[in-house]
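Report on the structure
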Amino acid sequence: MTASASTPAPKRAAFEVDTTAFKSKPIAVIGYGSQGRAHAMNMKDSGCDVIVGVRPGGAGEKKAQADGLKTATPEEATKAAHLIAILTPDMSHEEVYRDMVAPNLDAGDTVLFAHGFSVHFGRVNPADNINVILVAPKGPGDLVRREYEIGRGVPCLFAIHQDASGTAREMALSYTTCIGGATAGVIETNFAEETETDLFGEQAVLCGGATELVQAGFETLVEAGYQPEVAYFECLHELKLIVDLLYEGGMAKMHEFISETAIYGDLRSGPRVINEETKERMREVLKDIQDGTFARDWITENQAGKPQYQALLRKDLEHPIEKTGAALRADMPWLQPGANQ
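As the structure is a computational prediction, the values presented were derived from the model and not from experiment.

Turning to the pairing of strand β5 (residues 110-113), a few remarks are in order. The side-chain alternation of β5 yields two buried faces, one formed by T110 and L112 and the other by V111 and F113. Examined bridge by bridge, strand β4 (residues 83-86) and β5 share four bridges and lie parallel to one another. If you follow I84 over to β5, its bridge partner there is V111.

Spelled out as C-alpha cells, the structure:
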C-alpha cells in the first residue's frame, strides 16, 4: 500500500488535556522492558495508578517491584485496568493479546501499542467494542525516562485505530501527557503510516543503511592499505559528532561546524555514493514493507526459531570493524560502564 489521502495532516503542538478521568482508574502496562519501564515510571510519577503485568517470579516483576510499582499477572492487570498498554516485543503481541489480554477486557476498555506492527499486519485483531490506540515516543525507553526526570520529554506520535467509546483520542492524548510527550511535541498519524515509516527508517537509514555505509567505508580504506584504526576513527567514531550536529540543528548546523573542505566534499561526493540507484533500492525496501513481505518473512523467521537472524547477526558482529573498535574503545575511559557521558 502507499500513503493515502486518509493520512491525517500533521498536528504538532503543545496541548492541554484534562487527565483527571484518565488518572481515576488503574492503568496496566504489560511488559517491563525498556519502553515498559519508562512508561510505567513516568505515569506513576504523573499521579497515575499503574499496575505492571508481568510473569510471576520473573526479572520484570523484580525490577518493577524494586522501582516501587505494583505488579500482577498480565491477566489480573488487564482485569483491573481501563487502559492496557501492551509493551512487550512485537512478535509476542499475538499470543499476549489472545491469551492474556482479550479474555479479560470489558467493553469500552482501551488497548494501547507503542508500535503498530501487530495491528497493521493483522496479527492482533481486537473486538469492535474496545478502543485501540497507539502512542509511539520517538526515542528509546531510557531516553523517555531520562527526559521526563529532567522536566522535558520525547516527541510522540499517536493514532486511533478504533474508537468504540468515543474517548479514544482523549485517552491517547492523556497517556502522551502522562509519559511526558506533550512537553516535546505530538504528531497525529495512523497505524499504517507509523508502522511503515518506522520500519523503513530502521532498515534503510538508521540501522541497516547507516551500519552498511560505515562498514563499506571501513572496508574501502583498509583494502586500500590504510590502518584499520585510522579507518575506524574516520568512518565510525566521528559519525557521532556529525549525527549530534544534525540532531541539534539539521544540515545548517552541521555545515556551520565543519570545515569548508568538508562541506565541499560533502556536496561534491555525497551524491556519488548515495544516488538515484540507492533510492531505487530504498523504494524496494519500502515496497517490501508496504505489501507485507517483510512482515511475513519476519513472522516466519520467528516461527522457525530465527536461524537466519542469528546467522546474519553473527556475521555482522564478526566484522573486522568490531574487533578494531573494541580495542580502541578500551582506551576511552569516557565510554566505560559507569563513566559520566
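On we go from here.
Turning our eyes to something else, we now look at unusual backbone geometry. Its identity as a non-glycine residue notwithstanding, K306 has a phi of 65 degrees, on the positive side. Judged by relative accessible area, which is 28%, K306 ranks as partly exposed.

Spatially, the eight strands line up as an open sheet ordered β3-β2-β1-β4-β5-β6-β7-β8, and their pairing is mixed. Among the strands making up the open sheet, the edge pair consists of β3 (70-72) and β8 (186-188). Mean inter-strand twist for the sheet, computed between neighbouring axes without regard to direction, equals 25 degrees. In this structure, strand β7 (residues 156-162) lies alongside β8, joined through three bridges in parallel fashion. Within β8, the residue paired with C156 across the bridge is V186.

Side chains of L213, V273 and I274 sit close together on the surface and give an oily, nonpolar patch of about 270 Å² of accessible area. The exposure class of I274 is partly exposed, given its relative accessible area of 45%.

Reading guide: rules and limits
- Here the residue numbers are simple positions, counted from 1 along each chain's written sequence.
- The model is predicted, so local features are restricted to residues of pLDDT at least 70 and side-chain atom pairs to those at 80 or more, both for listing and for counting; the totals for chains, interfaces and linings are taken over all residues.
- Excluded from the side-chain calculation are hydrogens and water; included are all heavy atoms of the structure.
- Type-normalised accessible area, obtained with a 1.4 Å probe on protein chains alone, sets the label of each residue: buried when under 20%, exposed when over 50%, and partly exposed for intermediate values.
- A helix here means a DSSP run of H or I that spans at least four residues, while a strand means a run of E at least two residues long, and both kinds are numbered starting from the N terminus.
- Strands pair, by our definition, only if DSSP identifies at least two bridges between them.
- Axis lines are fitted to C-alpha atoms, over the contacting stretch for helices. Their N-to-C directions set the angle, which ranges from 0 to 180 degrees.
- Surface patches are defined over residues having more than 30% relative accessible area and no salt bridge, joining like charges when they lie within 9 Å and nonpolar side chains (Val, Leu, Ile, Met, Phe, Trp, Tyr) when within 5 Å.
- Residue-level accessible areas treat just the shown protein chains as cover; the underlying method is Shrake-Rupley with a 1.4 Å probe.
- We define a salt bridge as a side-chain nitrogen of Lys or Arg found within 4 Å of a carboxyl oxygen belonging to Asp or Glu.

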